[in-house]
Amino acid sequence: TEKPTALIMIFGATGDLANRKLFPSLYNLFEKGKLDRFAVVGVARRALSNEEFQLKVKESVKENGETDPKADLDEFVSKFYYHSHDVTDSSSYLALGKLSEELDSHYGLNGNRIFYLAMAPEFFGTIAEHLKKDKLTDVSGFKRLVIEKPFGHDLESAKVLNKQIRTAFTEDEIYRIDHYLGKEMVQNIEVIRFANAMFEPLWNNRYISNIQVTSSETLGVEERGRYYEKSGALRDMVQNHMLQMVSLLAMEPPIKLTTDEIRSEKVRVFRALRPIKDGEVNEYFVRGQYDKGVMNEKEVPAYRQEEMVDPESNTETFVAGKLMIDNFRWAGVPFYIRTGKRMKAKSTKIVIQFKDIPMDLYYQPEKTVNPNLLVIHIQPEEGITLHLNAKKSGQGDATPVKLNYANKGIDGLNTPEAYEKLLYDSLRGDATNFTHWDEVALSWSFVDNISKVWENTKEPSFPNYASGSMGPDAADKLLEQDGFFWWPFN
Ligand code: BG6
């Protein structure tokens, strides 16, 4: 395939995301020779010279990059320019437009432009409208908007934002980032399902008893209290990452592996998600908030003691939920999800629990045959484990055995790899691993029902889980009432 050529404008170029992920990812693409001609304009409010900016980019690559940067780092940063910007001022956009045209002709960028919004979401709409009005989107090549989360705060605000960006970009030109879709093992869900004769025939309510998706973090809210207080785990993790993983697990096989086919199958999952009614929230969902605790032999504070957090905060830092997908394939199969901050381990994994065999021939008192499990390890380990039963040499009965496959990637925690893939996709024009508006809208409407109830009822038990634990007891009860439990292993 042809290597991409484009001018990449990064709004929020002095921010954390650009620094930790975007610059190192671009460098990796450059170093691997995946880019053709390109230049980058860093856009942010503060005043910086090109040289100062280039120095920052250099440091970012050195500190956050995967590998030791090679000598070509100087050549890489020489393509970086800086524009000090006022997001509400047309003259600022005109100057940016002029710089863009100069760079386009200097580097021969074919009039291709990527606008990457990696900054405070309140400006997304304004920027998009200005890009159109001040003619930055009048290009002879392609124009694409890459936009970070959060995409709105609820369905209503997401609609407003979408309308604003749609004035300047068509749906095809909008790349809504969900960085979980860039993770190697999340992308692997489809391959595991659709490239194996032994899974897809069993992948339904006749053979699967339940599915468990856990994404636990050890970090607390860090310096993001202001944002997180208004968001909480439901909006921060469930509306996007958790529901995206569920849709990949539950979707029908697409006719072809094209962007439109895959996305439309995912949309159908969201359409089949059973909506949670006001009175039912407690039956399906559990919220938690972390208390102080000891992690790594160090005292860590309760959420309510964190910076920029209300000492009586009602914000959830943990969510567990039971999702029902009311279609032919999944009727009756619970999808349990669980995510939270300040939990015992940093780990994302998916457990597919198969139904028990019809009759246990190997039953002994206090020892039943374990169900078969397929575990998909998303992070930090990457791989799959298949839990079976077999007779171990010299023993007479059925014993649990594990088949392990470790994906050889080196995708550690929060590495730029997901971003590297997604940046590359946006440059190549492949929107498959980005969320379509229909997915965003449906997942907000699902989540809105729950957040409405939670916002209006103070949770008296908060804080209800100790830092370093696996969340509140109620999260275990959620499964117990259905006769299941969270599978504990990593
Ligand atoms: C982000 C959330 O989208 O995902 C953060 O805003 C969270 O709160 C992060 O920490 C988790 O991502 P990862 O890749 O570390 O699992």
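Predicted model, so just to flag it, every value in this text is computed and none were measured.

## Side note on the overall build of the protein
Then, in step 1: When helices and strands are tallied, the protein shows 13 helices and 17 strands.
Then, in step 2: The principal-axis extent of the C-alpha atoms belonging to the protein is close to 80 × 50 × 45 Å.
Then, in step 3: Out of the 490 residues belonging to the protein, those deemed buried represent 55%.
Then, in step 4: A separation threshold of at least 6 residues defines the contact pool for the protein, and within that pool the share at least 24 residues apart is 77%.
Then, in step 5: As presented, the protein carries roughly 22000 Å² of accessible surface, and 51% of it is formed by carbon and sulfur atoms.
Then, in step 6: The averaged location of the 73 negative side-chain charges in the protein is 2 Å from the averaged location of its 62 positive side-chain charges.

## Here we look at helix H8 (residues 225-250)
Given 3.6 residues per turn, any residue in an α-helix points the same way as the ones three and four places further on.
Then, in step 1: The largest bend in H8 comes to about 95°, at Gly232.
Then, in step 2: By the criterion of burial, H8 is predominantly enclosed, with 22 of the 26 residues buried.

## Side note on a nonpolar patch on the surface
Then, in step 1: A surface patch of nonpolar side chains, about 370 Å² in accessible area, is lined by Met359, Leu361 and Tyr362.
Then, in step 2: The residue Leu361 is located in the loop between strand S13 (347-354) and strand S14 (373-379) in this model.
Then, in step 3: Given a relative accessible area of 62%, Leu361 falls into the exposed group.

## Description of the packing of aromatic side chains
Then, in step 1: The full count for this structure, using the stated rule, is 26 aromatic pairs.
Then, in step 2: For the pair Phe53 and Phe80, a centre-to-centre distance of 6.1 Å together with 55° between the ring planes defines the contact as tilted. Within this pair, whereas Phe53 is found in helix H2 (residues 50-64), its partner Phe80 is found in strand S3 (residues 80-84), the two being separated by 27 residues in sequence.
Then, in step 3: Judged by relative accessible area, Phe80 falls into the buried class, the value being 0%.
Then, in step 4: A cation over a ring is seen here: Arg144 above Phe142, with NZ or CZ 3.6 Å from the ring centre.
Then, in step 5: Over the aromatic face of Tyr290 sits the side chain of Arg342, whose NZ or CZ is 5.8 Å from the ring centroid.

## Topic: the site of the ligand
Then, in step 1: In the region of the ligand, 13 residues are neighbours, and Tyr180, Lys183, Glu217, Asp236 and Lys346 sit closest.
Then, in step 2: Within the side chain of Lys149, a nitrogen or oxygen atom sits 2.7 Å from an oxygen atom of the ligand.
Then, in step 3: Contact between the ligand and His241: an oxygen atom at 2.7 Å from a side-chain N or O atom of the residue.
Then, in step 4: Summarising the interface, the protein chains cover 89% of the accessible area of the ligand, which totals 400 Å² for the free molecule.
Then, in step 5: For the shell around the ligand, the element with the most residues is H8, which contributes three residues.
Then, in step 6: Tallied by class, residues from the shell around the ligand come to two nonpolar, four polar and seven charged.

## Some remarks on empty space enclosed by the protein
Then, in step 1: The final tally for this structure, using the stated rule, is two cavities of 30 Å³ or more.
Then, in step 2: Considered as a void within the structure, the largest cavity measures approximately 160 Å³ in volume.
Then, in step 3: Ile177, Gln239, Asn240, Thr435 and Val440 are the residues nearest the centre of the largest cavity, which is lined by 19 residues in total.
Then, in step 4: Elements that contribute at least two residues to the lining of the largest cavity include exactly H8 and helix H12 (437-456).
Then, in step 5: When residues in the lining of the largest cavity are grouped by element, the largest group, five residues, is from H8.
Then, in step 6: Partitioned by chemical class, the residues of the lining of the largest cavity number six nonpolar, seven polar and six charged.

## Points about the layout of surface pockets
Then, in step 1: Considered as a void within the structure, the second largest pocket measures approximately 490 Å³ in volume.
Then, in step 2: Surrounding the second largest pocket, 23 residues form its lining, Phe354, Lys355, Asp356, Pro371 and Asn372 being those nearest its centre.
Then, in step 3: Elements represented by at least two residues in the lining of the second largest pocket include exactly S13 and strand S15 (383-391).
Then, in step 4: Across the lining of the second largest pocket, the residue classes break down as 13 nonpolar, seven polar and three charged.

## Some remarks on the pattern of salt bridges
Then, in step 1: Scanning the entire structure with this criterion turns up 25 salt bridges.
Then, in step 2: A salt bridge links Asp326 to Arg274, with the nearest nitrogen and oxygen atoms 2.9 Å apart. Of this pair, Asp326 sits in the loop between strand S11 (318-324) and strand S12 (334-340) while Arg274 sits in the loop between helix H9 (259-272) and helix H10 (281-284); the two residues are 52 residues apart in sequence, bridging distant segments of the chain.
Then, in step 3: Look at Asp326 and you get partly exposed, because its relative accessible area is 40%.
Then, in step 4: Residues joined by salt bridges that share partners form a network here, namely Arg193, Glu200, Glu252 and Arg329.

## Thoughts on the sheet that holds strand S4 (residues 113-117)
Paired through their backbone hydrogen bonds, the strands of a sheet run either parallel or antiparallel.
Then, in step 1: One open sheet holds the six strands; their spatial order is S3-S2-S1-S4-S5-S6, and the pairing between them is parallel. The open sheet terminates on both sides in strands that have one partner only, identified here as S3 and strand S6 (174-176). This sheet shows a mean twist of 20° between the axes of neighbouring strands, independent of strand direction.
Then, in step 2: Note that strand S5 (residues 143-147) and S6 share three bridges and pair parallel. Paired with Val146 across the two strands is Tyr175, which belongs to S6.
Then, in step 3: Across the sheet, helix H5 (residues 124-133) lies against strand S1 (6-11), S4 and S5, angled at about 160° from S4, the strand it touches most.

## Details of the UniProt feature "domain: Glucose-6-phosphate dehydrogenase NAD-binding" (unreviewed entry) in the protein
Then, in step 1: Sites flagged by UniProt as "domain: Glucose-6-phosphate dehydrogenase NAD-binding" (unreviewed entry) map to residues 9-188.
Then, in step 2: Within residues 9-188, the helical portion is 45% and the strand portion 16%, while the C-alpha atoms at the span's ends are 30 Å from each other.

## Brief notes about the packing of helix H1 (residues 16-31) against helix H11 (residues 417-428)
Then, in step 1: Remark: H1 packs on H11, axes separated minimally by 8 Å, with the N-to-C direction vectors making an angle of 65°. In terms of orientation, H1 and H11 fall into the roughly perpendicular class. Crossing of H1 against H11: the hand is right-handed. Contact residues: H1 offers Leu17, Lys21, Leu22, Ser25, Leu26, Asn28 and Leu29, while H11 offers Tyr419, Glu420, Leu423, Tyr424 and Leu427.
Then, in step 2: A class-by-class count of the residues in the contact of H1 with H11 yields eight nonpolar, two polar and two charged.

## Quick notes on the UniProt feature "binding site: substrate" (unreviewed entry) in the protein
Then, in step 1: UniProt marks His179, Lys183, Glu217, Asp236, Lys341 and Lys346 with the feature "binding site: substrate" (unreviewed entry), using the numbering shown here.
Then, in step 2: Take Glu217: it is sitting in the loop between strand S7 (208-216) and H8.
Then, in step 3: Taking relative accessible area as the criterion, Glu217 reaches 11% and is therefore assigned buried.
Then, in step 4: In contact with Glu217, other than residues within four places in its own chain, are Met237, Gly340, Lys341, Arg342, Met343, Ala345 and Lys346.
Then, in step 5: Topologically, Lys346 is positioned in the loop between S12 and S13.

Scoring rules and cut-offs
- Residues numbered from 1 in each chain as written.
- Predicted model: local features only at pLDDT ≥ 70, side-chain atom pairs only at ≥ 80, totals over all residues.
- Heavy atoms only, no water.
- Helix = DSSP H or I, 4+ residues; strand = E, 2+ residues; numbered from the N terminus.
- Buried < 20%, exposed > 50% of the residue type's maximum accessible area, 1.4 Å probe, protein only.
- Contact = heavy atoms within 4.5 Å.
- Areas by Shrake-Rupley, 256 points an atom, 1.4 Å probe, with all protein chains shown as cover.
- Lys, Arg positive; Asp, Glu negative; His and termini not counted.
- Charge placed at Lys NZ, Arg CZ, Asp CG, Glu CD.
- Bend = angle between axes of the 7 residues up to and from the residue.
- Patch = residues over 30% accessible without salt bridge, like charges linked within 9 Å, V, L, I, M, F, W, Y side chains within 5 Å.
- Salt bridge = Lys/Arg side-chain N within 4 Å of Asp/Glu carboxyl O.
- Phe/Tyr/Trp six-rings, centres within 6.5 Å; stacked < 30°, edge-to-face > 60°.
- Lys NZ or Arg CZ within 6 Å of the ring centre and 35° of its normal.
- Near = heavy atom within 4 Å.
- Polar contact = N/O pair within 3.5 Å; in protein donor to acceptor, adjacent residues only side chain to side chain.
- Nonpolar A, V, L, I, M, F, W, Y, C, P; charged D, E, K, R; others polar.
- 1 Å grid on protein atoms, 1.4 Å probe; cavity = no way out; pocket = protein on both sides within 12 Å on 5 of 7 lines; lining within 4 Å.
- Points joined across faces, edges and corners; volume = space filled by probe spheres on them.
- Pairing = 2+ DSSP bridges.
- Axes fitted to C-alpha atoms, helices over the stretch in contact; angles between N-to-C directions.
- UniProt positions renumbered as here; feature names shortened; annotations may be inferred.
- Parallel < 35°, antiparallel > 145°, perpendicular 65-115°, else oblique.
- Left-handed = near helix turned anticlockwise from the far one by under 90°.

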